[in-house]
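# Close look at the chain arrangement
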Amino acid sequence: MDITRSSPAPVRVVAVPPEPEPGPADLTALPEPIAVEPLQTLPATATTATATTATATTATTTATTSATATDVRGRRNRPRPRDLLALLRPGQWVKNLAVVPLALLDTHPWGAAAFLRTGWAVLGFTLASALVYVVNDLADRERDRLHPVKRHRPIASGRVSTLAAVVLTGALALALTGWAVAGPAWQWWPTALYLALSLAYSQGLKHVPLVDAFIVATGFVLRLVQGALLIGAQLSEWLALCVFSLCLMLALGKRRHEMTAAGRAHRPALRGYTLAFLDHLVVLVAVLTAVSYVLYLRDDASLAAGASLVTLLSAPCAVFGLARYLQLLLVEEGGGNPVHVLFRDRATLVNAALWAVLVALALLLPQASA
């Protein structure tokens, strides 16, 4: 190893000082101000135009709202003809068509004069019953608003105003007066008695239990009397009793339905009834209806002499009709509107058609044998 040989010079290392770390921010230093451009002001003419436009828009909106409100009030004050017709309850006029012509059963032979006088009696009681319906709805409008079904009636719902109903009442009264004057003298007393009873009914008798239902049934007997009076027929007592008991059954059934649907608060007279009491009454009156009908066929009906077999076959039809109504009332909880129940039920319609055919045959057979 050559020790005389020189070694390479050592590498010189130069230390580079580190960069100074950033110190804490100077919180006392204020930021440089930002230049903000000044807001431009609108000209005076533009401001005035904007205010004018806003005022005009407000006035237009107010005028439109006032016109709309006035139009709505005007429509409310002018009842529609359909609502006025509904107030007269044309669906209930079938009661007059079903009861008044029953007087023809005791009249033979039939003629054009008898049919015309029967039609005249139907017209009079249609006017009278329509007048009674309007008066009752006027008197019961507050109470009807509490009923789930009757609250939709024209007066209770507000579709017909009280003033319009009063005017309609006056028009019906004038028409009924003209009917009485144009007809035979002093043969309108059943209709007048019906109006008197109905007025007493509206004024307070409708709140008396049992009396309310008996007045309704009496009104139907007066329909029968009016028809017999105008055509000159002798009224059968058994037929009058049959009509009375049948209509009393329907009236009691209607009250039973009202009690189950709306309770006793709707009609004060319902406080004198219970469901069990009404059930017994309805069945009792149904039996009386069937018995009086059979006795009428046997004793008083002019069609029984030459068609005893046919009239005998009509008795089961009558009993079936009564049983079907009791089934609808007590089992199916119907009976609120007897007209709808009797004329929309298929079994009742088929039974009524068969009964009508038998009665028609019984009417024609005695004439054929003679």
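What counts and what doesn't
Residues numbered from 1 in each chain as written. Predicted model: local features only at pLDDT ≥ 70, side-chain atom pairs only at ≥ 80, totals over all residues. Heavy atoms only, no water. pLDDT = per-residue confidence, 0-100. Contact = heavy atoms within 4.5 Å. Helix = DSSP H or I, 4+ residues; strand = E, 2+ residues; numbered from the N terminus. Axes fitted to C-alpha atoms, helices over the stretch in contact; angles between N-to-C directions. Parallel < 35°, antiparallel > 145°, perpendicular 65-115°, else oblique. Left-handed = near helix turned anticlockwise from the far one by under 90°. Nonpolar A, V, L, I, M, F, W, Y, C, P; charged D, E, K, R; others polar. Core = buried A, V, L, I, M, F, W, Y, C linked by side-chain atoms within 4.5 Å. Buried < 20%, exposed > 50% of the residue type's maximum accessible area, 1.4 Å probe, protein only. Disulfide = S-S within 2.5 Å. Phe/Tyr/Trp six-rings, centres within 6.5 Å; stacked < 30°, edge-to-face > 60°. Lys NZ or Arg CZ within 6 Å of the ring centre and 35° of its normal. Salt bridge = Lys/Arg side-chain N within 4 Å of Asp/Glu carboxyl O. Patch = residues over 30% accessible without salt bridge, like charges linked within 9 Å, V, L, I, M, F, W, Y side chains within 5 Å. Areas by Shrake-Rupley, 256 points an atom, 1.4 Å probe, with all protein chains shown as cover. Expected span 1.5 Å × (residues − 1). Arc of directions from axis to C-beta.

Further remarks concern the confidence of the model for the chain. Model confidence for the chain is summarised by a mean pLDDT of 77, while 73% of its residues fall at 70 or above. In this model, residues 1-16 is a region of pLDDT below 50 whose contacts with residues beyond four sequence positions or in other chains number zero contacts. Considering only residues more than four positions removed or in separate chains, one finds that residues 33-52, a stretch of pLDDT under 50, has one contact.

Checked against the element boundaries, glycine 263 lands in the loop between α10 (237-262) and α11 (275-300). Each C-alpha atom of the pair glycine 263 and histidine 147 lies 9.3 Å from the other, and the pair is 116 residues apart in sequence. Setting aside its immediate chain neighbours within four residues, glycine 263 contacts Glu258 and Leu270.

Direction vectors running N to C along helix α4 (residues 112-139) and helix α7 (residues 162-182) enclose 155°, while the axes themselves pass 9 Å from each other. In terms of axis orientation, α4 runs roughly antiparallel to α7. By crossing handedness, the relation of α4 to α7 is classed as left-handed. Facing Trp120, Ala121, Leu123, Gly124, Leu127, Ala128, Ala130, Leu131, Val134, Val135 and Leu138 of α4, the residues of α7 in contact are Thr162, Ala165, Val166, Leu168, Thr169, Leu172, Ala173, Ala175, Leu176, Trp179 and Ala182. Grouping the amino acids of the contact of α4 with α7 by side-chain chemistry returns 19 nonpolar, three polar and no charged.

This brings us to the nonpolar core. One finds Leu224, Val243, Met249, Leu252 and Tyr273 to be the most contacted residues of the largest nonpolar core, which totals 44 residues. Listed by contribution, the elements that provide at least two residues to this core are α9 (211-231), α10, α11 and α12 (308-331). A per-element tally of this core places α10 first, with eleven residues. Beyond its immediate chain neighbours, meaning those up to four positions away, methionine 249 contacts Val282, Val285, Ala286, Leu322 and Tyr325. With 20 residues, the next largest nonpolar core counts Phe125, Ala128, Leu176 and Tyr194 among its residues.

What follows concerns the packing of α9 against α10. The geometry of α9 relative to α10 is characterised by a closest axis approach of 8 Å and an angle of 140° between their N-to-C directions. In terms of their interaxial angle, α9 and α10 are classed as oblique. Considering the relative orientation of α9 and α10, their crossing is right-handed. Within the contact between the two elements, α9 uses Asp212, Ala213, Phe214, Val216, Ala217, Thr218, Phe220, Val221 and Leu224 and α10 uses Leu239, Ala240, Val243, Phe244, Cys247, Leu248, Ala251, Leu252 and Arg255. Residue composition of the contact of α9 with α10, by class: 15 nonpolar, one polar and two charged.

Turning to the state of the cysteines, a few remarks are in order. Here the structure, examined in full by the defined rule, presents zero disulfides. Counting only cysteine sulfurs, cysteine 242 is the nearest neighbor of cysteine 247, a cysteine outside any disulfide, at a range of 9.0 Å. We classify cysteine 247 as buried; its relative accessible area is 8%.

This part takes up the packing of aromatic side chains. In this structure the tally under the stated criterion is five aromatic pairs. Here tryptophan 120 and tryptophan 179 contribute two aromatic rings whose centre-to-centre distance is 6.1 Å and whose plane-to-plane angle is 20°, an arrangement assigned as stacked. Placement of the pair is tryptophan 120 in helix α4 and tryptophan 179 in helix α7, with a sequence separation of 59 residues. Since its relative accessible area comes to 30%, tryptophan 120 is described here as partly exposed. Sitting above the plane of the phenylalanine 220 ring, arginine 223 keeps its charged end 4.4 Å from the centroid.

Here we take up the pattern of salt bridges. Working definition: two side chains of opposite charge can pair if their charged atoms are close together. On inspection of all chains with the given rule, the structure shows 13 salt bridges. Of the charged contacts, one joins aspartate 137 and arginine 89 as a salt bridge, the two residues approaching to 2.5 Å between their closest N and O atoms. Taken together, the positions of aspartate 137 in helix α4 and arginine 89 in the loop between α2 (81-87) and α3 (94-99) put the pair 48 residues apart, joining distant regions of the chain. Aspartate 137 sits in the buried class, given a relative accessible area of 4%. With its nearest N and O atoms 3.9 Å apart, the salt bridge here joins glutamate 332 to arginine 324. For glutamate 332, a relative accessible area of 48% corresponds to the partly exposed category.

A word on a nonpolar patch on the surface. A surface patch of nonpolar side chains, amounting to about 180 Å² of accessible area, comprises Leu205, Val208 and Val211. Along the chain, the position of leucine 205 falls in the loop between α8 (189-203) and α9. The partly exposed category is assigned to leucine 205, whose relative accessible area is 31%.

A few words now on α8. With 15 residues, α8 should cover 21 Å at 1.5 Å per step; its first-to-last C-alpha distance of 21 Å lies within 8% of that length. Those residues of α8 that fall on the buried side of the exposure criterion are Pro190, Thr191, Tyr194, Ser198, Tyr201 and Ser202. Looking down the long axis of α8, one finds its buried residues gathered within 110° of arc, a one-sided arrangement. On its buried face, α8 is in contact with α4, α7, α9 and α10.

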